[in-house]
Structures are given as structure tokens and as C-alpha cells.
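Descriptive analysis of the structure
Residues per chain, in single letters:
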Amino acid sequence: MSQESLKKEAARAAMEFVHNVSIIGVGTGSTVNHFIDCLADVRHELDGAVSSSEASTQRLKKLGIPVLELNQAGDLDIYVDGADEINGNLQMIKGGGGALTREKIIAAASKKFICIADSSKKVNLLGRFPLPIEVIPMARSFVARQLFKLGGQPMWRENFVTDNGNQILDVHNLEILEPIHLEQAINNIPGVVTVGLFADRGADIALLAKEGGVEKLTL
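Presented here is a report on the structure given in the accompanying data block. (Residues numbered from 1 in each chain as written. Predicted model: local features only at pLDDT ≥ 70, side-chain atom pairs only at ≥ 80, totals over all residues. Heavy atoms only, no water.)

Moving on, we get to the pattern of salt bridges. Tallying each qualifying case throughout the model produces eleven salt bridges. Ionic pairing is found between Glu 183 and Lys 104, a salt bridge with its closest N-O pair at 2.8 Å. Taken as a pair, Glu 183 in helix H7 (residues 179–187) and Lys 104 in helix H5 (residues 100–108) lie far apart in primary sequence, 79 residues in all. The residues Glu 183 and Lys 104 share a single accessibility class, namely buried. A salt bridge links Asp 204 to Arg 201, with the nearest nitrogen and oxygen atoms 3.0 Å apart. We classify Arg 201 as partly exposed; its relative accessible area is 24%. Through salt bridges that share partners, Asp 81, Lys 94 and Glu 103 make up one connected network. (Salt bridge = Lys/Arg side-chain N within 4 Å of Asp/Glu carboxyl O. Helix = DSSP H or I, 4+ residues; strand = E, 2+ residues; numbered from the N terminus. Buried < 20%, exposed > 50% of the residue type's maximum accessible area, 1.4 Å probe, protein only.)

In C-alpha cells form, the structure reads like this:
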């Protein structure tokens with residue numbers, strides 16, 4: 001199967017968690033786009049969705065699914081999103097699409113976080129995928145210097161602005177041995193909005209599509 005076909009399989013597998021949920025949290029990315037397309041069949045059962053990006057918001061609206069603000073919706077039953085990397089503890093690197101801050105907020109506000117991905121995203125050690133960090137523009141160089149001290153090689157994602165009006169540093173060559181510790185350390189650097197390590201609040205369920213079916217991982 002192609003990688004795109006595997007993404008579709010992972011997206012379809014998440015549909016079992018959607019029934020009897022009135023408001024759903026929806027992430028961002030190519031796998032999530034397939035999940036949003038699947039929601040077309042159950043849109044009449046939904047009161048709405050809370051979206052992590054403008055791109056997902058537009059896709060939801062095209063299907064006639066109301067998009068709500070998190071302030072309006074309150075805590076959510078489930079949040080469905082992808083990952084750039086995920087380990088056996090269901091800790092992730094996210095933010096390749098630049099929506100990490102809103103993704104992290106919605107994940108924190110959700111009772112159950114379901115990660116959907118193809119099996120190539122499963123890794124033993126996080127860090128091969130560059131770690132995205134959203135930063136306040138005036139602090140970009142300062143934050144980069146602090147990240148260099150932590151052993152990474154930060155690169156400015158030029159010509160990219162997040163939905164929040166900020167910039168992103170992608171940190172290369174990290175071996176993330178203690179994800180929660182590193183997440184806390186980076187979040188404590190002044191000027192950092194969010195780090196794309198989802199370790200302190202990782203996924204509750206991972207649906208990883210591979211040849212022969214979808215593997216379901218839980219802690």
C-alpha cells in the first residue's frame with residue numbers, strides 16, 4: 001500500500017471513536033485531512049468541531065460542519081490529530097505543519113487524544129524529525145542561542161508565519177532521551193510560545209496503519 005493509502009486507513013480507524021460525540025477536536029495535516037473527509041458521513045451527528053488551524057477550519061466548513069471556538073465549546077471528549085514522530089510511550093513530535101500551539105491547547109483540553117498516522121512515524125527515539133518550536137518574532141535569535149546550548153541546531157523556518165502571527169525554529173540533530181524534561185526546559189525559555197514535544201500530555205491511543213491492518217497502541 002502507498003503511504004497515502006495507509007494514512008486513509010488510519011483516518012478511517014478513528015471513526016469508531018466519533019459516535020456519540022457532539023463536539024470533536026480536529027488537528028492538522030495530511031492524515032487529518034482524510035479524517036475530516038470521513039466526518040462528512042456523520043456530520044449530522046455533530047454539533048461542531050474545534051479546529052487547530054485555519055486550513056482544517058476551511059476544510060470542515062466546506063463539509064458543512066460548524067467550527068467552534070474552544071472558549072465556547074469547553075472541554076472536549078476527543079481530539080484526533082497526526083504526528084511527525086511517535087514513540088512507544090505515545091509521546092510525539094508535532095508541528096511540521098506549523099499548528100503546534102493550537103494543537104497542544106486542544107490536546108490539553110480533551111479527555112482523550114487519538115493519534116492517527118502511518119507506521120513509518122513510529123520511532124524508538126524521538127528527534128530524527130526536526131523539533132518545531134513556535135517563538136515570538138523578536139526573541140527568535142535569543143531562543144536559537146539557548147537551543148544551541150541544549151545540543152540542537154536550530155534553523156529558522158523562513159517565509160513562514162503561524163496562524164498566531166509567530167515564527168518557527170526547527171531544531172535538528174537532537175536525541176531526545178528525556179522528552180518530558182526537554183519539553184519543560186524549552187518551554188521555560190523566554191520567547192518560546194510552544195515546543196512541538198507532546199510528552200507531558202501525549203496520546204492516549206495511537207492508530208498506526210501498516211500493511212495488513214491498523215495497529216492500536218495504548219498505554
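A ring pair, where both rings are aromatic, is described by two values, the distance of the centres and the angle of the planes. Under the definition given, this model contains one aromatic pair. We note Lys 94 situated over the ring of Phe 198; from NZ or CZ to the ring centre the distance is 5.5 Å. The ring of Trp 156 has Arg 140 sitting right over it, with the charged end atom 3.8 Å from the ring centre. (Phe/Tyr/Trp six-rings, centres within 6.5 Å; stacked < 30°, edge-to-face > 60°. Lys NZ or Arg CZ within 6 Å of the ring centre and 35° of its normal.)

The geometry of a pair of packed helices is captured by two quantities: the angle between their axes and the separation between those axes. Helix H2 (residues 30–39) packs onto helix H1 (residues 3–13) with a crossing angle of 50° between their chain directions and a minimal axis gap of 8 Å. Classified by the angle between their axes, H1 and H2 sit oblique to one another. Where H1 crosses over H2, the two elements pack in a sense that is right-handed. Contacts between H1 and H2 involve Glu 4, Lys 7, Lys 8, Ala 11 and Arg 12 from the former and Ser 30, Thr 31, His 34, Phe 35 and Cys 38 from the latter. Looking at side-chain class alone, the contact of H1 with H2 contains three nonpolar, three polar and four charged residues. (Axes fitted to C-alpha atoms, helices over the stretch in contact; angles between N-to-C directions. Parallel < 35°, antiparallel > 145°, perpendicular 65-115°, else oblique. Left-handed = near helix turned anticlockwise from the far one by under 90°. Contact = heavy atoms within 4.5 Å. Nonpolar A, V, L, I, M, F, W, Y, C, P; charged D, E, K, R; others polar.)

Here Ile 23 shows up in strand S1 (residues 23–26). Spatially, the C-alpha atom of Ile 23 lies 9.3 Å from that of Glu 45, the residues being 22 residues apart in sequence. Residue contacts for Ile 23: discarding those within four places in its chain leaves Asp 47, Gly 48, Ala 49, Val 50, Leu 68, Ala 73 and Leu 76.

We now examine the sheet that holds strand S4 (residues 85–86). Read from one edge to the other, the open sheet built from three strands follows the order S4-S5-S11, with strand pairing classed as antiparallel. Whereas interior strands pair on both sides, the edge strands pair on one side only; in this sheet they are S4 and strand S11 (197–198). Note that S4 and strand S5 (residues 92–93) share two bridges and pair antiparallel. Paired with Glu 85 across the two strands is Ile 93, which belongs to S5. (Pairing = 2+ DSSP bridges.)

This brings us to the side chain of Glu 85. Looking at where Glu 85 falls in the secondary structure, it is placed in strand S4. Buried and unpaired, Glu 85 has Arg 128 as its nearest opposite-charge partner, separated by 5.7 Å. From its side chain, Glu 85 meets the backbone nitrogen of Arg 128 in a polar contact 3.3 Å long. Polar side-chain contacts of Glu 85 include one of 2.8 Å to the backbone nitrogen of Phe 129. (Lys, Arg positive; Asp, Glu negative; His and termini not counted. Polar contact = N/O pair within 3.5 Å; in protein donor to acceptor, adjacent residues only side chain to side chain.)

Turning to the sheet that holds strand S6 (residues 110–118), a few remarks are in order. Strand order in the open sheet formed by six strands is S2-S1-S3-S6-S12-S13, and the pairing between neighbours is mixed. In this open sheet, the two strands that pair with only one neighbour each are strand S2 (48–51) and strand S13 (213–218). The average undirected angle you get between the axes of adjacent strands in this sheet is 20°. Two elements, S1 and strand S3 (residues 76–81), share two bridges in a ladder whose sense is parallel. Counted as the bridge partner of Val 26 is Val 80 from S3. Across the sheet, H5 is in contact with S1, S2, S3 and S6; its angle to S3 comes to roughly 145°.

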